[in-house]
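Reading the structure
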Amino acid sequence: MARSKRKSSFSLRQLLYLLLATLIVSLSVGGLLLSGYVVQLDQEIRTRFAGSRWALPAQVYAAAVDLYPGRQLEPAELRRELDRLGYRHSPALTGPGTYVAGEKRIEVAIRGFRFWDAEQPDLRLAVRFEDRRIAAIDDLEAGAPRDIVRLDPMLIGSIYPQSQAEDRVLVRLEDVPPLLREGLIAVEDRGFYEHFGISIRGIVRAALANLRAGRVVQGASTITQQLVKNFFLTSERDWARKGKEAIMALLLEAHYTKDEILEAYLNEIHLGQEGNRAVHGFGLGSRFYFNKPVDELRAHEIALLVGVVKGSSQYNPRRNPERSQARRDLVLKVFRDAGLIDQDQYLAAVAQPLGLAGGSGGSVARYPAYVDLVKRQLKGQYQDSDLTNEGLRIFTTLDPNAQEVLERDLASGIASLEKDRKLEDQTLQAAGVITSVDGGEVLAMVGGREFRYAGFNRAIDSRRSIGSLVKPFVFLTALSNPDRFNLHTLLEDEPIEVPLSNRKTWAPKNYDRKNHGPQPLYLALAHSYNIPTVRAGLEVGVENVLDTLRAAGYSGDAMPVPSVFLGAVDASPLEVAQMYGTLAANGYQTELSAIRSVTTKEGEPLNRYPIKVRQALPEAPTYLINWGLTQVIEQGTARRARAAVPAGGALAGKTGTTDDLRDSWFAGFGADRVAVVWMGRDDYKPMGFTGSSGALVLWTQIAKDLQLRGLDMLPPADIQDQLTDRFTGLKADEGCTSVVLLPYVRGHAPTAYAPCALAAERTPLDWLREIFE
C-alpha cells in the first residue's frame, strides 16, 4: 500500500517537472521567436524610415505674375491676384502673405520663393499706380525703387501615382508655427515628450473613461503610435495589430528623436480627400483648406486642422461645417486651457468663420485639364517614377487670370444658352484653349463643364469636325498663288456638282440654301459661303489644301476628298489653337507648350524649354487671310464679336458649324492671344446652335474679359494697299463711290482702272453716257 503511494507521488513529481520544463522551453522558444520578430520589425523601421520616407509628387506651378513700372495693371487687378494667391488683406503688413490696399497704392509683403532661374527673398514693397498702370515699385526695407519683382506662383496641382494617390507638401519642424506644434501635442498627446512610445498613464486614463461611459469614448494612442499606424500598418483593428503597433512605437522611439518623430507625423497625417487624391500632412492641408503656406496659419485655422486629425471624414469642414466648427472651438479651448493662447485670443478665434478657400464646393483652384496637358508634354522626357516620387517642381505657362476668365465665361455662357433654348441642364458640353501669340504658350485650358474634376479632356482628346474653321486655309492656299487669286477675286456662287471617285456626285449647298452670284474672295470668307469655297478649293487641289493645314499645325489623317474644303477634318480645340496660332503669328509657328522649366525639389534646374520658331506659312498670303478674318468680325458671320473689339484696333476670327448643327466653333485672335471655343454634345446629337449662335457667344465674352489687344495689321514689305472698286475689283480713285482699301501681294494688284475712276480712259460712248445721265 505504501509502495503504491510512493509510486503515485513519484509520477506526479515527474509530471510537474515535465510541465515546468515544457513551460521553460516554450518561453525560451517564444522569446527567441519574439526576439526574431522584434529584430524583423526593427529592420523594417530603420529601412523605411531612414531613407526617403515618402513618394513626393511633382508640384505644378502656374506662371508667376511680373510686376514692373509701366505694366498695364489696375489696383483692383493686383488685389484680385493677391487674393488668388492666398494673401490676406490687413490694416498693416504683419508678415509674408499680407497686403495693405489703398486707392492708388498697395503695400505687399511678398513671400520668398525659389524660381527656376533665381531665388527671390521675402520683400516688402509699395506698388504705386497711375493711369491704370504701375507707376513705381518701392522697396520699403531698402528704401530704393525696384525695376521688376515676381509674385510667388500659384501651386495648381500635383502629379501623383494613381495607384496610391497620396499628395503632400513637406514641411520642416522649424518652419511650423509654434502654436501648431504645441497645440497638436496638447490635443493629441500631452505626454509626448515624456513617454517612450506608449503611454501607460494614457492607457489607464482611457480605460477608466471608457468604463465609466460604457463605450469607447477615448483612445490611448500616442503620436508615435498614430505615426506607426499610418506609416507602417494597415487599417485592420485587432489585438495582434495593436501589439505590433506598440512594439514598433517603442522601436521608433529608440532610434529617432522626438522632434524627428513629430516632424514625420506632421507630414504623414491624413487631413482630407478630393476624389481619389488623398491630402496628407499639414503642409498640403494648409493649402488645401486655406490656400496659404503653413507658416501663415492663424490660431483659428490651426485649430481647425488639428481638429480634423481626429477624423478627416467626420470633421471635414466642407461636408460637415457645423461639426467641424464645434470641433475647432473645442480645440481652441484646449489651446487656452494649456496656456498657448490667452482669453482675448481665444474669443477672437472662436468668433472667426471657418474661412475656407474655394468655398463649400471644393478646394482652392486646381486645373486637372491643364495638368493633364503638362503630364502629356513631359511624357518621354521623364519616367513616371520621377514625376510621382522625386518631388520635381514644374513651372508652367498657365495664366491664372486667363484660366479664371475661361472657366467662368464658359460655365455661365453655356448655362445661359441652355436656358434660352429651354434645354435640359447639362445637355451641352464645351471646351476652350487660350494661347499666347508670341511664344506659343498655353495660358488656359478647360476640358469640360466640370472643370474642377479630372475626366475626359475634350480640349485634347475630343476630335470633332471643324466645319468652316477650315475655310481660311482653303483661301490661304489660293492666295499663295497671287497670279491667279487676290482678296477680290470673284468666285461663282452658283450650284455645282462635283464627281467623286465612287461615281457619285457631291452637290454642296450654302448654309442659307441660297445662291448669291459672284462673290469677292474676302466676302465669301466673311459670310462663310460654301460654294465659292469649294470652287476655290477645286482649283488649287485638295492635296495642296491639306499641305497648308499640316503646315499650320494639323496632325490628323483627313482623307483627300473635296468635302475637306467644308470641314471634313477632325481636330481637337488644342490643335485648332495651334493652327490659328500660326495664322496669328503671321505664318511663324512655335509648337504649343505648357511648360517653362523643370527643377529638382531643391530648386536645381533640370530642363528649360526655349522657344523655337520656324516659318510655316508664307508671310504675305498669311497677312491677306488675316485681313480677311478681320472682316468676318467686321461684317460677316461673327459681327456679334464687334462688342469685344478694342477701340482703334481689330480682331480676327472664324465661325465653324458642322452638319446638322452637331458642333459649334469659334477661333479668333488679337495681337496678344488666341482663343478657341468648341460647344456640342458628347453623344454627337444635333444641338441647334451654329458657330455664330453658340461658340461665338461664349468667345465674345471671353475676349471682352481678357481685354484682347487689337491687331495693328502692319503689312510686311511685300504687301501693298490699293483702293479697289467693289463692283469690278479694278483700281479705283476718288471718282468711284463704292470702294474698299485692299491689301495685295506687291506687284500683283490690279493695274487697270475701274470705269468709275477719274483716271480711267474714256471712249466717246462713255462721254455720251455721262452726258445723258
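Everything numeric here is computed off the predicted structure, so don't read it as measured data.

This brings us to a nonpolar patch on the surface. A contiguous nonpolar surface patch, about 280 Å² in accessible area, is contributed by Phe196, Ile200 and Leu250. Mapped onto the secondary structure, Leu250 falls in helix H6 (residues 239-255).

Here the focus is the pattern of salt bridges. Should the charged atoms of two oppositely charged side chains come close, the side chains can pair. Applying the stated criterion across every chain yields a total of 42 salt bridges. Residue Glu166 is joined to Arg168 by a salt bridge in which the shortest nitrogen-to-oxygen separation is 3.2 Å. Judged by relative accessible area, which is 19%, Glu166 ranks as buried. Between Asp329 and Arg328 there is a salt bridge whose closest N-O contact spans 3.0 Å. Overlapping salt bridges, with partners in common, bring together Glu81, Arg84, Glu404, Arg408, Asp409 and Asp705 in one network.

Look at helix H3 (residues 178-188) against helix H10 (residues 321-337): their axes get within 9 Å of each other, and the N-to-C directions meet at 100°. When the interaxial angle is binned, H3 and H10 end up roughly perpendicular. Between H3 and H10, the residues in contact are Leu179, Gly183, Ala186, Val187 and Glu188 and Arg327, Val331, Val334 and Phe335, respectively. For the contact of H3 with H10, the per-class residue count stands at six nonpolar, one polar and two charged.

A few words now on the sheet that holds strand E26 (residues 595-599). Spatial strand order, E12-E1-E16-E26-E27: five strands in an open sheet with mixed pairing. Each end of this open sheet is capped by a strand with a single partner; those strands are strand E12 (155-159) and strand E27 (605-608). With strand direction ignored, the average angle separating the axes of adjacent strands in the sheet is 20°. Where strand E16 (residues 393-396) and E26 come together, four bridges link them in antiparallel fashion. From the neighbouring strand, Thr396 faces E26, where its bridge partner is Ile595. Contacts from helix H12 (residues 368-378) reach E12, E16 and E26 within the one sheet, and its direction differs from that of E12 by about 50°.

For the rest of this paragraph, the subject is unusual backbone geometry. Apart from glycine, the bulk of residues carry a negative phi angle, and the bulk of peptide bonds sit in the trans form. Residues other than glycine seldom take positive phi values, yet Asn291 does so here, at roughly 55°. With a phi close to 65°, Tyr684 is a non-glycine residue in the positive phi region.

Here we come to helix H20 (residues 573-584). For H20, built from twelve residues, the straight-helix expectation of 16 Å at 1.5 Å per residue is met to within 8% by its first-to-last C-alpha distance of 16 Å. Of all the twelve residues making up H20, twelve are buried; the element is thus mostly covered by neighbouring parts of the structure. Considered for burial, the residues of H20 that qualify are Pro573, Leu574, Glu575, Val576, Ala577, Gln578, Met579, Tyr580, Gly581, Thr582, Leu583 and Ala584. The first or second residue beyond H20 is Asn586, which carries a positive phi of 60°.

Attention now moves to the sheet that holds strand E15 (residues 277-280). The strand order across the open sheet formed by three strands is E13-E15-E14, and the pairing between neighbours is mixed. Of all the strands in the sheet, just strand E13 (166-168) and strand E14 (270-274) have a single pairing partner and so form its edges. Across the sheet, the mean angle separating the axes of adjacent strands is 30° when strand polarity is ignored. Sheet analysis places E13 next to E15, joined by three bridges and oriented parallel. In the sheet register, Arg168 faces E15, and the bridge partner there is His280.

On to the nonpolar core, then. Residues Ile394, Leu549, Tyr580 and Trp699 are the most contacted members of the largest nonpolar core, which totals 146 residues. With eight residues, the top contributor of residues to this core is helix H21 (residues 619-635). Ile223, Phe232, Phe290 and Phe335 belong to the second-largest nonpolar core, a separate cluster that totals 62 residues.

Conventions and cut-offs
Residues numbered from 1 in each chain as written. Predicted model: local features only at pLDDT ≥ 70, side-chain atom pairs only at ≥ 80, totals over all residues. Heavy atoms only, no water. Patch = residues over 30% accessible without salt bridge, like charges linked within 9 Å, V, L, I, M, F, W, Y side chains within 5 Å. Areas by Shrake-Rupley, 256 points an atom, 1.4 Å probe, with all protein chains shown as cover. Salt bridge = Lys/Arg side-chain N within 4 Å of Asp/Glu carboxyl O. Helix = DSSP H or I, 4+ residues; strand = E, 2+ residues; numbered from the N terminus. Buried < 20%, exposed > 50% of the residue type's maximum accessible area, 1.4 Å probe, protein only. Axes fitted to C-alpha atoms, helices over the stretch in contact; angles between N-to-C directions. Parallel < 35°, antiparallel > 145°, perpendicular 65-115°, else oblique. Contact = heavy atoms within 4.5 Å. Nonpolar A, V, L, I, M, F, W, Y, C, P; charged D, E, K, R; others polar. Pairing = 2+ DSSP bridges. Expected span 1.5 Å × (residues − 1). Core = buried A, V, L, I, M, F, W, Y, C linked by side-chain atoms within 4.5 Å.

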